[in-house]
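Examining the three-dimensional arrangement
Next come the chains, spelled out residue by residue.
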Amino acid sequence: MTIGYESEHHQFRDSVRSFVRERIVPHHEQWENDSCLDPALFTEAGKRGLLGFSVPEAYGGPGVEDFRYNAIVVDEVNRAGAAAAGIAFSLQNDVVLPYLTDMTTPDQKARWLPGTVTGETILGIAMTEPGTGSDLTGIRTTAVRDGDHYVVNGSKTFISNGQNGTLFVVAVRTSADKHKGLSLLIVESDTPGFSRGRNLEKIGLHAQDTSELTFTDMRVPVANLLGEEGQGFYQLVHNLPQERLSLSVGAVSAAEGVLVQTLEYVKERSAFGQPIAGFQNTRFVLAELATELDLARTYLDDCIRQHVRGELTPARAARLKWWTTELQVRVADRCLQLHGGYGYMREYAVARAFVDARIQTIYGGTTEIMKTIVAKDLGI
Ligand SMILES: Cc1cc2nc3c(=O)[nH]c(=O)nc-3n(C[C@H](O)[C@H](O)[C@H](O)COP(=O)(O)OP(=O)(O)OC[C@H]3O[C@@H](n4cnc5c(N)ncnc54)[C@H](O)[C@@H]3O)c2cc1C
């Protein structure tokens, strides 16, 4: 309520909630076994209006620039917890789409935006390489100009939607300059020279495909350059706060979901002749986590409000990201403990929530990198 949701937002939330219940939860186990979502989920989500809110009407979208809708989707998917983990709508809506809506020419918009709304186009972003992750200036994939094309060589790793993705924002090196040598190219997955590596085996988020990508003499038209050559580093830095905000929405929602499930469990399970909920330790642990989650939700809502006004700074997004994702990991860990041995069994949602949470303090910028951003903002 504190973010100022209106009746349209509530209706939208109901619609997302029923989509998660009807179209995601019943199929999720199968996708986890396949280590990959069925890409048809994206077209179904597109039909239900869950993708591409910010895409202007002229390009097939509703043209709604209101991050609260994005937050509702992330909120509802994550609240379902392990039963809907790894559903990459946030990657599509919050992480990659802003590059295509905000940094493209009208021709590029016409080529790429309509498919992102219908879900026929599945988006990904490829920054990380085997040799560099936190340090974007270490990117070595090269793009050498040859007439009206770039010839791209190199490889990326840990790329979400790496198997299903059809359109990728790819960070490449167009000159040796540390920062001004980076550029962003939009790459269609059917470009000759583009190849997907294996679907990487992760400890959690099994429904999400995460892959290596390799580019061998891949010819990408100069018409696929995003903005100007040499602007890549600054474009990435510009868009990362929204990515971090979105990860924080997921962190708080998922942790709230785990707390609710654990409250149920401790009331049902007994030891020494009384429910686990009766032990002072259980009561204190859950009271502490509920308090921290209350703080987190209040803090998050404030950041969402700031972002809707266009005022969320990179440093505040960094504070929020490290603190909420570390909290999510802590909540999952302490709630697992309260489940005893059952907490270690995959059939219990808390076990999956524990491993699914662990990546949150790493991708989108690690906790340590977030703290370096905050420290820099403090002038040290
Ligand atoms: C499941 C998954 C999905 C991902 N999806 C994507 C994606 O879609 N696209 C994409 O481009 N990438 C993606 N990534 C990559 C992710 O963003 C990187 O793994 C992350 O940024 C960390 O980079 P790294 O793994 O190279 O770790 P490193 O940079 O090698 O870091 C190793 C350790 O050193 C620490 N460290 C590094 N620099 C500093 C410093 N200056 N001060 C203090 N400590 C430091 C780090 O915090 C970390 O603890 C994904 C990763 C995973 C696991």
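Criteria and cut-off values
- Throughout, a residue's number is its position along its own chain's written sequence, starting from 1.
- The predicted nature of this model means local features are confined to residues of pLDDT at least 70 and side-chain atom pairs, given and counted, to a pLDDT of 80 or more, with totals for whole chains, interfaces and linings taken over all residues.
- Side-chain figures throughout are based on the complete set of non-hydrogen atoms in the structure, without hydrogens or water.
- Counting from the N terminus, the helices are DSSP H or I runs at least four residues long and the strands are E runs at least two residues long.
- Within these notes, the globule rule equals 2.2 Å times the number of residues to the 0.38 power, and the radius of gyration is based on C-alpha atoms.
- Here the term buried applies to any residue with accessible area under 20% of the maximum for its type, exposed to any over 50%, and partly exposed to those in between, with areas from a 1.4 Å probe on protein chains only.
- Contacts are assigned to residue pairs with any non-hydrogen atoms lying within 4.5 Å of each other.
- The protein chains shown are the only cover counted for residues, whose accessible areas, like all others here, come from Shrake-Rupley with a 1.4 Å probe.
- Only four residue types enter the charge count, namely Lys and Arg as positive and Asp and Glu as negative; His and the chain termini do not.
- A single reference atom marks each charge: NZ on Lys, CZ on Arg, CG on Asp, CD on Glu.
- UniProt positions are given in the numbering used here, feature names are shortened, and annotations may be inferred rather than shown by experiment.
- As used in this record, nonpolar core signifies buried Ala, Val, Leu, Ile, Met, Phe, Trp, Tyr and Cys residues forming a set joined through side-chain atoms within 4.5 Å.
- For the domain bounds, the source is a domain assignment made automatically or taken from a database.
- When two parts are brought into contact, each loses some accessible area as probed by a 1.4 Å sphere; the total of that loss over both is the buried area.

Some words on the overall build of the chain
Summing up its helical and strand segments, the chain has 10 helices and 9 strands in all. For 380 residues, the compact-globule estimate of 2.2 N^0.38 gives 21 Å, and the C-alpha radius of gyration of the chain, at 21 Å, lies within 12% of that figure. The dimensions of the chain, computed from C-alpha atoms along their principal axes, are 80 × 45 × 40 Å. Residues classed as buried in the chain amount to 54% of the 380 residues present. By sequence separation, contacts in the chain at least 24 residues apart represent 73% of the contacts at least 6 residues apart. Total accessible area on the chain stands at roughly 16,900 Å², and carbon and sulfur atoms take up 53% of it. Charged side chains in the chain number 37 positive and 47 negative. The centres of these two groups are separated by 4 Å.

With respect to the UniProt feature "domain: Acyl-CoA oxidase/dehydrogenase middle" (unreviewed entry) in the chain
UniProt marks residues 125-218 with the feature "domain: Acyl-CoA oxidase/dehydrogenase middle" (unreviewed entry), using the numbering shown here. As a span, residues 125-218 carries 0% helix and 51% strand, and end to end its C-alpha atoms are 17 Å apart.

Things to note about the nonpolar core
Ranked by internal contacts, the top residues of the largest apolar core, which has 82 residues, are Ile24, Ile87, Phe89 and Ile125. Core analysis: the second largest hydrophobic core is formed by 17 residues, Ala143, Ile159, Val187 and Met218 among them.

What to know about unusual backbone geometry
Negative phi characterises most residues that are not glycine, and trans characterises most peptide bonds. Notably, Ser35 is not glycine yet its phi reads approximately 60 degrees, a positive angle. On the basis of relative accessible area, Ser35 is assigned to the partly exposed category, the value being 29%. The phi dihedral of Phe272 is positive, around 50 degrees, even though this residue is not glycine. One can find Phe272 in the loop between strand S8 (270-271) and strand S9 (274-275). Residue Phe272 is classed as exposed on the basis of its relative accessible area, which comes to 83%.

A few points about the UniProt feature "domain: Acyl-CoA dehydrogenase/oxidase N-terminal" (unreviewed entry) in the chain
Mapped onto this numbering, the UniProt entry gives "domain: Acyl-CoA dehydrogenase/oxidase N-terminal" (unreviewed entry) at residues 7-120. Secondary structure content for residues 7-120 is 67% helix and 0% strand, and the end C-alpha separation is 29 Å.

Quick word on the domain arrangement of the chain
The assigned domain composition of the chain is domain 1 (7-121), domain 2 (125-230) and domain 3 (239-377). Across the boundary between the two partners, domain 2 contributes 5 residues, which contact 7 residues of domain 3. Surface buried jointly by domain 2 and domain 3 totals about 580 Å² across both partners, of which 67% is contributed by carbon and sulfur atoms. If you sort the residues of domain 2 by the area they bury against domain 3, Ser134, Ile203 and Leu205 come out on top, with a joint share of 60%.

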